[in-house]
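Take a look at the letters that make up each chain.
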Amino acid sequence: MVTIMEHYPVLVLSDIHLGSEYSRIRELNLFLEKVSCDLLILNGDIIDGWQLRKSGRHLTSSHLDFFRILMAKIEDGKTKIVYVRGNHDDFLDKILPFRLPNFTIVSDYLLTTSTGLYYVTHGDLFDSITTQMRWLSLLGDAGYTVLLHLNKYYNLYRQKRGMPYRSFSRKIKGKIKSAVSYISDFEEKLVMIARMKKVNGIICGHIHQAANLYYDSINYLNSGDWVESLTALAFTQSGEWIIIHYDEWRKSQHETEKLTCFAHKSA
């Protein structure tokens, strides 16, 4: 099978939650092996320190493969990686800022693109539940874990019957009025921060809800997560932001590879 390598000037990933049993790291590794970029921004909650401390769980071979892929991208000199700390990887606060050639760990980041200036933050510092009511944040994390556990068995049931994956937990969250209100409030707060910083847009993660929206002139961008939605943000060669959905991307990869193989055989 012919491998088609896609390239983007900027790629943004967040909320991978390595250390959680629900992290979809195998899918992410496959994605990263077939996508290249000049700048890779890891926008928080890449390593789930909360889950690792709570469960005593260790990183798996798939998790280590993720870091090997990142190291390969750094070593070839073609990719710069910026890691922005999140609330689940807040253990990084002890070493911030950390800088090596082509790799930095920071609390936030200013990104310059051909279409303007963007403020990059995980987003937890502007979430009142995370910053002012940590006990409620931890309680919410426990509830979310229960939803993910139910989601796991729901999809095992669907898989046995030949049905596609569906996020049970996302569907529930989408129907809860308070959750919808929380997302809207979060977006508006981040947009306000962007206006204060006099930038063209803001790039965040944290709430596991991919988005590419405009609030007047401010571009609000959220890279989603690799637990449920499996999404990434990419800045394209033509100078536009897009949301990449893994399932759609994987289908297009299969189709492109089939067409490329057919063309090679016909030549």
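Residues numbered from 1 in each chain as written. Predicted model: local features only at pLDDT ≥ 70, side-chain atom pairs only at ≥ 80, totals over all residues. Heavy atoms only, no water.

(A) Seen up close, the confidence of the model for the protein. When pLDDT is averaged along the protein, the result is 82, and 73% of the positions lie at 70 or above. For the stretch residues 129-143, pLDDT sits under 50, and the model shows 20 contacts to residues farther than four places along the chain or on other chains. (pLDDT = per-residue confidence, 0-100. Contact = heavy atoms within 4.5 Å.)

(B) Looking closely at the environment of Ile 95. Here Ile 95 shows up in the loop between strand S3 (80-84) and strand S4 (98-100). Ile 95 sits in the partly exposed class, given a relative accessible area of 40%. Sequence separation between Ile 95 and Val 106 is eleven residues, and the spatial gap between their C-alpha atoms is 9.1 Å. (Helix = DSSP H or I, 4+ residues; strand = E, 2+ residues; numbered from the N terminus. Buried < 20%, exposed > 50% of the residue type's maximum accessible area, 1.4 Å probe, protein only.)

(C) The packing of aromatic side chains, seen in detail. Evaluated as defined, the whole model comprises nine aromatic pairs. A ring pair is formed by Phe 31 and Trp 226, whose centres lie 5.7 Å apart and whose planes are at 35°; its orientation type is tilted. Of the two residues, Phe 31 sits in helix H1 (residues 25-33) while Trp 226 sits in the loop between strand S10 (218-222) and strand S11 (231-235), which places them 195 residues apart along the sequence. Of the two residues, Phe 31 and Trp 226, both sit in the buried class. Residues Phe 98 and Phe 103 carry aromatic rings whose centres are separated by 6.5 Å and whose planes lie at 70° to one another, so their mutual orientation is edge-to-face. (Phe/Tyr/Trp six-rings, centres within 6.5 Å; stacked < 30°, edge-to-face > 60°.)

(D) Broad picture of the pairing of strand S8 (residues 201-204). Because side chains alternate across S8, one face comprises the buried residues Gly 201 and Ile 203, and the other comprises Ile 202 and Cys 204, equally buried. Both strand S7 (residues 116-120) and S8 contribute to a ladder of three bridges, which runs parallel. Counted as the bridge partner of Val 120 is Ile 203 from S8. Here S8 runs beside S10; their pairing, made up of four bridges, is parallel. (Pairing = 2+ DSSP bridges.)

(E) Broad picture of the environment of Leu 190. Tracing the backbone through its elements, the reader meets Leu 190 in helix H7 (residues 177-196). With a relative accessible area of 0%, Leu 190 lands in the buried category. The residues touching Leu 190, leaving out its near neighbours within four places in the chain, are Thr 121, Phe 126, Ile 202, Cys 204 and Tyr 220.

(F) Looking closely at the packing of H1 against helix H3 (residues 61-75). It is the contact of H1 with H3, at a shortest axis distance of 9 Å, that shows an interaxial angle of 20°. The orientation of H1 relative to H3 falls into the category roughly parallel. For H1 against H3, the interelement crossing comes out left-handed. Residues Ile 25, Arg 26, Leu 28, Asn 29, Leu 32 and Glu 33 of H1 lie in contact with H3, whose contacting residues are Ser 62, His 63, Asp 65, Phe 66, Ile 69, Leu 70 and Lys 73. Considering only residue class, the contact of H1 with H3 consists of six nonpolar, three polar and four charged. (Axes fitted to C-alpha atoms, helices over the stretch in contact; angles between N-to-C directions. Parallel < 35°, antiparallel > 145°, perpendicular 65-115°, else oblique. Left-handed = near helix turned anticlockwise from the far one by under 90°. Nonpolar A, V, L, I, M, F, W, Y, C, P; charged D, E, K, R; others polar.)

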